[in-house]
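Summary of structural features
Here is how the chains run, residue by residue.
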Amino acid sequence: KAGVTQTPRYLIKTRGQQVTLSCSPISGHRSVSWYQQTPGQGLQFLFEYFSETQRNKGNFPGRFSGRQFSNSRSEMNVSTLELGDSALYLCASSPGRYQETQYFGPGTRLLVL
Amino acid sequence: SQQGEEDPQALSIQEGENATMNCSYKTSINNLQWYRQNSGRGLVHLILIRSNEREKHSGRLRVTLDTSKKSSSLLITASRAADTASYFCATAVMDSSYKLIFGSGTRLLVRP
């Protein structure tokens, strides 16, 4: 099976813009989680979707949002970008309703200037 | 906020030596997992240990879990240069859904 894919891999934006990142899970996986990784804060949970429903959300402002489509593909959106949003955004998928092992994509590296 | 704290933050060893990393966490867990990350890329799952297990092996990896102390350790035996990476513990907390809370990570350098 193909692994988790994320697009784009690299992105440069300016403050105030918005960005949409995409994640395609492993075929058959219904749960998709998003994480933000920065040198200062480490790996932080953003949100998790299962069957198009957001089941859990981390402690991030409302500028961070996401959705999941019927084919389990997921997108996350960050509006009104700030310099501090520069990070590696990781997507992970899992097969079941209560996922255990998560399978990570390569990430999207976002730089906000 | 992070659930787990890892120790040491960085570790440098010679090829062939063993590497031990420790992880402490704060709340009750369903399971604890260890992941590896190479150079800021995606994470690779290494091993999962459930809360009712005390020790688990996978190849050169050995993981222990002490729920009374809320701590875990990852031992990599006979290390290789290819083991150079960052290692993260992640605790699985069952609440309304399920999420992984990652520790701060240990950067391992294996010198040839």
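Please refer to the structure higher up on the page.
It should be emphasised that the depicted structure is a prediction, and the values quoted were computed from it without experimental measurement.

What holds strands together in a sheet is hydrogen bonding between their backbones, with the strands either parallel or antiparallel. All names here are of chain B. Read from one edge to the other, the open sheet built from five strands follows the order β1-β3-β8-β7-β6, with strand pairing classed as antiparallel. Each of the sheet's edge strands pairs with one partner strand only, and the pair in question is β1 (5–7) and β6 (55–58). The mean inter-strand angle of the sheet, taken between neighbouring strand axes irrespective of direction, is 15 degrees. Here strand β7 (residues 61–66) pairs with strand β8 (residues 71–76) via six bridges, running antiparallel.

The next subject is the sheet that holds strand β1 (residues 5–7) of chain A. All names here are of chain A. Ordered by their spatial adjacency, four strands build an open sheet running β1-β3-β8-β7, and the pairing between neighbours is antiparallel. Across the chains shown, the open sheet's two edge strands, defined by having one partner strand only, are β1 and β7 (64–68). Neighbour-to-neighbour, the strand axes of the sheet open up by a mean angle of 20 degrees, direction not taken into account. Inspection of the sheet shows strand β3 (residues 19–24) paired to strand β8 (residues 74–78) by five bridges, in the antiparallel sense. Note on β8: the bridge partner recorded for V19 is V78.

Scanning the entire structure with this criterion turns up nine aromatic pairs over all chains. Taking the centre distance of 5.7 Å and the plane angle of 65 degrees together, the rings of F47(A) and Y49(A) count as edge-to-face. The class of Y49(A) is buried, set by a relative accessible area of 3%. Aromatic ring contacts, followed pair by pair, group Y35(A), F45(A), F104(A), Y35(B), F88(B) and F102(B) into a single cluster.

So, on to the interface of chain B and chain A. Taken together, the contact pairs 22 residues of chain B with 21 residues of chain A. Of the roughly 1800 Å² buried between chain B and chain A on both sides combined, carbon and sulfur atoms contribute 51%. Our count for the contact surface shared by chain B and chain A stands at one salt bridge. The residue E100(A) makes a salt bridge to R50(B) at a minimum N-O spacing of 2.8 Å. Those elements giving two or more residues to the side of chain B that touches chain A turn out to be β4 (31–37), β5 (43–50) and β10 (99–102) of chain B. Its residues assigned to classes, the side of chain B that touches chain A shows eight nonpolar, ten polar and four charged.

The next point concerns the pattern of salt bridges. All names here are of chain A. Going through the model one piece at a time under the given rule, you end up with nine salt bridges over all chains. The partner of R67 in a salt bridge is E75, and the shortest N-O contact between them spans 3.3 Å. R67 sits in the partly exposed class, given a relative accessible area of 45%. Through salt bridges with shared partners, one network takes in R63, E82 and D85.

Criteria and thresholds
Residues numbered from 1 in each chain as written. Chains lettered and ligands numbered in written order. Predicted model: local features only at pLDDT ≥ 70, side-chain atom pairs only at ≥ 80, totals over all residues. Heavy atoms only, no water. Pairing = 2+ DSSP bridges. Helix = DSSP H or I, 4+ residues; strand = E, 2+ residues; numbered from the N terminus. Axes fitted to C-alpha atoms, helices over the stretch in contact; angles between N-to-C directions. Phe/Tyr/Trp six-rings, centres within 6.5 Å; stacked < 30°, edge-to-face > 60°. Buried < 20%, exposed > 50% of the residue type's maximum accessible area, 1.4 Å probe, protein only. Contact = heavy atoms within 4.5 Å. Buried area = accessible area lost by both parts, 1.4 Å probe. Salt bridge = Lys/Arg side-chain N within 4 Å of Asp/Glu carboxyl O. Nonpolar A, V, L, I, M, F, W, Y, C, P; charged D, E, K, R; others polar.

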